[in-house]
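# Chain and residue survey
Each chain is listed here by its residues.
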Amino acid sequence: TADAGGDIRIWRIVPHRLMTADGLVLIEQVQLTDSILALCATGNAEVWAGSGTGNLHRLTYERKQYAVESWQAHSGKVNALVFVPRTGELWSAGDDTVVNVWGATGKGQELSNALRMHRGPVYTLTHGSLGGRSVVASGSFDKSVYIWDAEEHVPLQCIESAHNDTVRALKICGFPGEHEEGVLASCGRDKHVKLWMNTEWSGEGGEHDQEDDDGGEDAAAAGRGCGEWETKVPVPTERPTATVSPAPQTSAEGESAHPQEDNHPAFNLPKKGTFRRFFG
């Protein structure tokens, strides 16, 4: 756990005493000078912390105490961290619109890649498996969600208007049984929670222009390198009616809301309806 005062506390969980005062035992306390906004544990006695000043702190357990290594990782706040066990890499996202990938060589400051596709602060990251592929998803102030190959660091999908406001949280969910290929859950400041499935993962290709149950069109999607997914998760027959309006494309003066769209690499991805919202 961590707080805005830079206090990081590491606890041991006592399973048979959970829900009691003895269920958590404080084993280590580290005081940093930065406010901590994001935490991530790698599972090998390492804890990573992202701060409000753009610093990344690596806490390594050595000689019965935690040693701290710190460096400037972003030019703005570090908003999210996620660890990819298969590659041993740490992904960080910040207010500077960049998603950084840090190497697994033991040198915490080795930058493997800097992914510059979002057009606003990146607030959330999640890692998991979609269609049997290891991916990382990122969500931003620009309302978009990117799906990245977790090993090659290339964009697989861009859901340009995943929400009508800032994307604040993402989670890749695996469901037992018929939903094992995974779905992506997203939450935004537009007060919507959405579940997404890929409709083109099997390699058959083709355009899929479906409509939501409420009659509204799906958010625009762009993608490449993916096949086809079947939407297998049943939608409840009774649910609150959700009205999703398309994101505005022009400003009040009639000018483009995003004047740099045409030159931005995100808009060079082929426009295909590969990710579709099926609930929310």
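Residues numbered from 1 in each chain as written. Predicted model: local features only at pLDDT ≥ 70, side-chain atom pairs only at ≥ 80, totals over all residues. Heavy atoms only, no water.

### Structural notes on a nonpolar patch on the surface
Residues Trp11, Ile13, Leu18, Met19, Leu24 and Leu26 make up a contiguous nonpolar surface patch of about 640 Å² in total accessible area. Among the elements of the structure, strand S1 (7–13) and strand S2 (24–31) are those that each provide at least two residues to the nonpolar patch. On the secondary structure map, Met19 appears in the loop between S1 and S2. The exposure class of Met19 is exposed, given its relative accessible area of 85%. (Patch = residues over 30% accessible without salt bridge, like charges linked within 9 Å, V, L, I, M, F, W, Y side chains within 5 Å. Areas by Shrake-Rupley, 256 points an atom, 1.4 Å probe, with all protein chains shown as cover. Salt bridge = Lys/Arg side-chain N within 4 Å of Asp/Glu carboxyl O. Helix = DSSP H or I, 4+ residues; strand = E, 2+ residues; numbered from the N terminus. Buried < 20%, exposed > 50% of the residue type's maximum accessible area, 1.4 Å probe, protein only.)

### Some details on the packing of aromatic side chains
Taken as a whole and judged by the stated rule, the model has four aromatic pairs. Judged by centre distance (5.6 Å) and plane angle (65°), the ring pair of Trp71 and Trp102 falls under edge-to-face. Residue Trp71 is located in strand S6 (residues 65–72), and its partner Trp102 is located in strand S9 (residues 99–102); the two are separated by 31 residues in the primary sequence. For Arg168, the ring lying beneath its charged end belongs to Tyr123, and the centroid distance is 4.2 Å. (Phe/Tyr/Trp six-rings, centres within 6.5 Å; stacked < 30°, edge-to-face > 60°. Lys NZ or Arg CZ within 6 Å of the ring centre and 35° of its normal.)

### Considerations on the nonpolar core
Nonpolar side chains tend toward joint burial in soluble globular proteins. With 16 residues, the main nonpolar core has Trp91, Ala93, Val99, Leu115, Leu125, Val136 and Trp148 as its most contacted residues. When residues of this core are traced back to their parent elements, those giving at least two are strand S7 (78–84), strand S8 (89–94), S9, strand S11 (122–130) and strand S13 (145–149). Considering each element in turn, this core owes the most residues, three residues, to S7. The next biggest cluster of nonpolar side chains, apart from the first, holds 13 residues, and it includes Leu130, Val135, Ala137 and Ile172. (Core = buried A, V, L, I, M, F, W, Y, C linked by side-chain atoms within 4.5 Å.)

### Brief notes about the environment of Glu152
When you line up the elements, Glu152 lands in the loop between S13 and strand S14 (155–159). Sequence spacing of Glu152 and Asn113 is 39 residues, and the spatial spacing of their C-alpha atoms is 9.8 Å.

### A short note on the pairing of S13
Within S13, five of the five residues are buried, which leaves the element mostly enclosed by the surrounding structure. By the alternation rule, side chains of S13 split into Val145, Ile147 and Asp149 and Tyr146 and Trp148, which are all buried. Looking at chain direction, strand S12 (residues 133–140) and S13 are connected through five bridges and run antiparallel. Counterpart to Val135 in the pairing with S13 is Asp149. Where S12 folds back on S13, the antiparallel hairpin that results is connected by four residues, among which Lys143 adopts a positive phi of roughly 75°. Summarising the sheet, S13 and S14 pair through four bridges and their orientation is antiparallel. Bridging across to S14, Ile147 finds its partner in Gln157. (Pairing = 2+ DSSP bridges.)

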